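Given next are the chains, with one letter for each unit.
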Amino acid sequence: MRKNIVAGNWKMNNDLAATKTLISELIELNKTSDAEVMIAPTFVNLMEASKLLRETSIRVASQNMHYAESGAFTGEVSAKMLKVIGVNTVILGHSERREYFYEDDLILKQKVDKALQESMEIIFCFGEQLDDRNSDHHFKVVERQIKNALFHLPSSSWKSVVLAYEPVWAIGTGQTASPEQAQEMHAYIRKLVGERYDITTSEKVSILYGGSVKPENAEEIFGKLDVDGGLIGGAALDAKSFMAIINSF
Ligand code: PEP
């Protein structure tokens, strides 16, 4: 049985006061749900978020981390630093990291390895650009991103990997992939994992969809066979919207 997961990526939003407010609203509204719930505030607010959510079922994830153990990497944060403050999950490979901070498959592979070495859970993001889809290259692009960063892993590592398919053209644009497009890609990804590893691994890995998920479209997207939840950007910044998405299972 796969885990259903809804993770909120807050990106570079919410200062400390706003972080506290949104978290207390989430605690207030949070009911038992079929989905595992996570939020990913910005680095400086992770510690406060982790403290405030310690006694709850909502988990805290980081939006990024560096692959080195420590050292001369100005402005960076290590896996160990995250773990010390109770953050055991990290989002890697978000399209904004790939686009604005030039994170390529090789860098991401190193981050994946470091996170797993530190026994962290990974939410690994990937997805095609609009041009890739329009030229019918979306399957190839997604296959390359997954293979290059993840397919060197032993099957035992996959219990700590969550996949997040996020077509870049759907992120923050209001233009979501149709439930059929999401299902088609998720089934393709699961098949790839099954071919590289085995059916047990492919059936166990949760594959989230991300890209303009809202309360209005979540139920239909999450209802698809191979969609095991969502990575939510904009709609995660509003407690009611985020909870409505969580309750769409
Ligand atoms: C994201 O940034 O991961 C995302 C899916 O954003 P949005 O929901 O705003 O499209």
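Residues numbered from 1 in each chain as written. Predicted model: local features only at pLDDT ≥ 70, side-chain atom pairs only at ≥ 80, totals over all residues. Heavy atoms only, no water.

## Describing the sheet that holds strand β4 (residues 89-92)
With parallel pairing, eight strands are arranged side by side around a closed barrel as β1-β2-β3-β4-β5-β6-β7-β8. With direction set aside, neighbouring strand axes in the sheet form an average angle of 30 degrees. Taken together, the three bridges between strand β6 (residues 161-165) and strand β7 (residues 207-210) define a ladder with parallel strand orientation. Considered in β7, the bridge of Leu-163 is made with Ile-207. (Pairing = 2+ DSSP bridges. Helix = DSSP H or I, 4+ residues; strand = E, 2+ residues; numbered from the N terminus. Axes fitted to C-alpha atoms, helices over the stretch in contact; angles between N-to-C directions.)

## Considering the site of the ligand
In the neighbourhood of the ligand, 14 residues make up the surrounding shell, with Lys-11, His-94, Glu-166, Gly-172 and Ser-212 lying closest. In the environment of the ligand, an oxygen atom lies 2.5 Å from a nitrogen or oxygen atom belonging to the side chain of Lys-11. Backbone polar atom of Gly-233 to an oxygen atom of the ligand: 2.8 Å apart, as the coordinates give it. Taking 290 Å² as the accessible area of the ligand by itself, protein coverage stands at 97%. Here the residues of the shell around the ligand sort into four nonpolar, eight polar and two charged. (Near = heavy atom within 4 Å. Polar contact = N/O pair within 3.5 Å; in protein donor to acceptor, adjacent residues only side chain to side chain. Areas by Shrake-Rupley, 256 points an atom, 1.4 Å probe, with all protein chains shown as cover. Nonpolar A, V, L, I, M, F, W, Y, C, P; charged D, E, K, R; others polar.)

## Examining the environment of Gly-194
Within the secondary structure, Gly-194 is located in helix α8 (residues 179-196). If near-sequence neighbours (up to four positions away) are discounted, Gly-194 is found in contact with Ile-199 and Ser-202. (Contact = heavy atoms within 4.5 Å.)

## Here's the deal with the layout of surface pockets
In this structure, the largest pocket spans a volume of roughly 400 Å³. Residue lining of the largest pocket: 16 residues in total, with Lys-11, Met-12, Gln-63, Arg-97 and Phe-101 positioned closest to the centre. Looking at the lining of the largest pocket element by element, the count peaks at three residues for helix α4 (residues 95-100). Tallied by class, the residues present in the lining of the largest pocket amount to six nonpolar, six polar and four charged. Looking at the second largest pocket, its volume works out to about 240 Å³. Taken together, 13 residues line the second largest pocket, and the ones lying closest to its centre are Trp-158, Lys-159, Thr-201, Lys-204 and Val-205. Across the lining of the second largest pocket, the residue classes break down as five nonpolar, four polar and four charged. (1 Å grid on protein atoms, 1.4 Å probe; cavity = no way out; pocket = protein on both sides within 12 Å on 5 of 7 lines; lining within 4 Å. Points joined across faces, edges and corners; volume = space filled by probe spheres on them.)

None of this, on its own, says anything about what the molecule does.
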